[in-house]
Amino acid sequence: MAESTTTDTWPSSRQAWFAAFMLAAANTFAFVDRQALALLVQPIKEDLQVSDTAMSLLYGLSFTMFYVLVGIPVARLADRANRRNIVAAAIFIWSLATALCGLARSFGMLFIARIGVGAGEGGLSPAAYSILSDYFPKHRLPAAMGVYQMGIYVGGAAALLLGGLLATVVPPSSIVNVPLIGETKGWHIAFLMLGLPGLLLSALMLLVPEPPRRGEGVHAPSPPFPVLFAHLARHWQAYVGISLGFALMILVGNATGAWIPAFLERKFGLTTAQIGGLYGTITAVCGVSGTLIGGFAASALRRRGIARGNLYAALFGFISLIPVTILFPQMPTAALSLALIGAMNFLAGFNFGGGLAALQEITPNRMRASVSAGYMLIVNLIGAAGGPFAIALVTDYWYGDPQALPAAITLVCAIASPLSVAALLLGMRGYGRAIAASADAVLPA
């Protein structure tokens, strides 16, 4: 897997970091549009008269259905076409779909609009991961991946903060007469306001140059599926372990992220505006610092020649998440719960840079977007769809009481968090073998 690491063959640092921050901005907008629904669970549930399980399907399944269906074919296209243009088109589609959520007047209409959000976002990450792998040499890639993943927390926080701010001006359950639209609930306006700015970002993304492809297979066409599957089979422990480990960690993250606003409202009586301000600030500070520190820590370990340094950083975060995720719903006060939620966001963010860089490092260039799409497929089926749904099922059918939400969160986290560590250990074993077989496994100091 020979890959040039000389400075004159790579884009300048200024150009590379511009691309990284623009892609991070795209990821930010994606998570603004995705997370806005979590803050509005209670008013939407009351307005549409649906159960926690129905809301979990709206948050997870509707989004994941077309995210999954679109991800693989778009990734195959990204392995042979202009990835920058794919990212720009994806931003336009999901931003428009988010704005359409603001026009939905029934559960079915809102479900369809959320499918559109997922369809658009399915084109982002596989293309973005591939672009970053051609802008940054492998010993700098974890830091760049950390910056990209920072968008998860900036976007999630922005959705909460902006949603909370809008809720103070226009309460989610209030009725406002909007020109050309008519009588509109406050939660509709939140979706309209959050979706429209992404249309501008889709145009600005055209300022990012498409980088030349580098690494093994750079001059080959996008390989057929049998060749791709043969490569995955050779390193199945690495791919399955890393993907499953992160899917289970993200299951915990999506499960808690979808239900923390409702948890804070039900257990501690916080208002939508209070939750948006408090939870949004914590997500921004702790999540962003975690992704940056974790990404640069993994880069430092990899630069020192520690072959599995990318995943050592992630393993620290995975193990530390076990007690934090189990205990935060059981705290007696909102302050203690929020403190542990902050630690959870820091530790979850800490894992991403090294884990994503590890997948790119062991994958030939013309397979990277396809492999990333496979990773996103597993992550979204298990994590994005499974997490919120698991907690809703436990709440509605195991406990049979919406007020048992804290116990449901603890139960799901107590199962999924340890399993994520076991899967990652399998991935580390396979990852070590994969990079040991590469001609350039040892990096220059």
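Note that the coordinates shown come from a computational prediction; the quantities given were computed from them, not determined experimentally.

(A) Looking closely at the nonpolar core. Of all hydrophobic cores here, the largest spans 126 residues; its most connected members are Ile44, Met205, Phe246, Trp259 and Tyr375. Ranked by residues supplied to this core, first place goes to helix 11 (residues 236–268) with 16 residues. When residues no more than four places from it in sequence are discounted, the contact partners of Trp259 are Val41, Asp52, Met55, Ser56, Arg266, Pro388, Ile391, Ala392, Leu405 and Ile409.

(B) Local environment of the pairing of strand 2 (residues 182–185). Across four bridges, the pairing between strand 1 (residues 175–178) and strand 2 is antiparallel. Counterpart to Val178 in the pairing with strand 2 is Gly182. What sits between strand 1 and strand 2 in their antiparallel hairpin is a turn of three residues, with Leu180 showing a positive phi close to 75°.

(C) View of the environment of Ala384. Relative to the helices and strands, Ala384 is located in helix 15 (residues 368–399). Between the C-alpha atom of Ala384 and that of Gly253, which follows or precedes it by 131 residues, the distance is 8.7 Å.

(D) Representation of the packing of aromatic side chains in the model. All told, the structure shown has 11 aromatic pairs when counted by the stated rule. Ring plane angle 65° and centroid distance 4.8 Å describe the contact between Trp17 and Phe136, whose orientation is recorded as edge-to-face. Of this pair, Trp17 sits in helix 1 (residues 13–39) while Phe136 sits in the loop between helix 6 (125–135) and helix 7 (141–169), and the two are 119 residues apart along the sequence. Under the relative-accessibility criterion, Trp17 is labelled partly exposed at 21%.

(E) Spotlight on the pattern of salt bridges. Tallied over the entire structure, the rule returns three salt bridges. Across the salt bridge formed by Arg83 and Asp134, the nearest N and O atoms sit 2.8 Å from each other. With a gap of 51 residues between them, Arg83 in helix 4 (residues 83–101) and Asp134 in helix 6 connect regions that are remote in the sequence. Both residues of the pair, Arg83 and Asp134, count as buried. For Arg83, the salt bridge identified is with Glu210, shortest N-O distance 2.8 Å.

(F) Representation of the confidence of the model for the protein chain within the structure. In this model, the protein chain carries a mean pLDDT of 82, and residues with pLDDT of at least 70 account for 92%. Across the protein chain, the secondary-structure element scoring lowest on mean pLDDT is helix 3 (residues 52–78), at 74, and the one scoring highest is helix 9 (residues 197–204), at 92. A low-confidence stretch, residues 1–8 (pLDDT under 50), is modelled with 19 contacts involving residues beyond four sequence positions or located in other chains. A low-confidence stretch, residues 439–445 stays under pLDDT 50, and its non-local contacts, those more than four residues away or across chains, total 13 contacts.

(G) Spatial organisation of the side chain of Gln360. Take Gln360: it is sitting in helix 14 (residues 334–361). Exposure remark for Gln360: the relative accessible area of 3% places this residue in the buried category. Polar contacts involving the side chain of Gln360 include one to the side chain of Ser133, which spans 3.1 Å. Here Gln360 is in contact with Tyr129, Ser130, Ser133, Leu141, Met145, Arg368 and Ser372, once residues within four sequence places are set aside.

(H) Broad picture of the packing of helix 13 (residues 309–327) against helix 14. Relative orientation of the contacting elements helix 13 and helix 14 amounts to 150°, with a least axis distance of 8 Å. Classified by the angle their axes make, helix 13 and helix 14 are roughly antiparallel. Here helix 13 runs over helix 14; the crossing is left-handed. For the pair formed by helix 13 and helix 14, the contact residues are Asn310, Leu311, Ala313, Ala314, Phe316, Gly317, Phe318, Ser320, Leu321, Val324, Thr325 and Leu327 on the first element and Leu340, Ala343, Met344, Leu347, Ala348, Phe350, Asn351, Gly354, Gly355, Ala357, Ala358 and Glu361 on the second. Partitioned by chemical class, the residues of the contact of helix 13 with helix 14 number 16 nonpolar, seven polar and one charged.

Reading the values: the criteria
Residues numbered from 1 in each chain as written. Predicted model: local features only at pLDDT ≥ 70, side-chain atom pairs only at ≥ 80, totals over all residues. Heavy atoms only, no water. Core = buried A, V, L, I, M, F, W, Y, C linked by side-chain atoms within 4.5 Å. Buried < 20%, exposed > 50% of the residue type's maximum accessible area, 1.4 Å probe, protein only. Helix = DSSP H or I, 4+ residues; strand = E, 2+ residues; numbered from the N terminus. Contact = heavy atoms within 4.5 Å. Pairing = 2+ DSSP bridges. Phe/Tyr/Trp six-rings, centres within 6.5 Å; stacked < 30°, edge-to-face > 60°. Salt bridge = Lys/Arg side-chain N within 4 Å of Asp/Glu carboxyl O. pLDDT = per-residue confidence, 0-100. Polar contact = N/O pair within 3.5 Å; in protein donor to acceptor, adjacent residues only side chain to side chain. Axes fitted to C-alpha atoms, helices over the stretch in contact; angles between N-to-C directions. Parallel < 35°, antiparallel > 145°, perpendicular 65-115°, else oblique. Left-handed = near helix turned anticlockwise from the far one by under 90°. Nonpolar A, V, L, I, M, F, W, Y, C, P; charged D, E, K, R; others polar.

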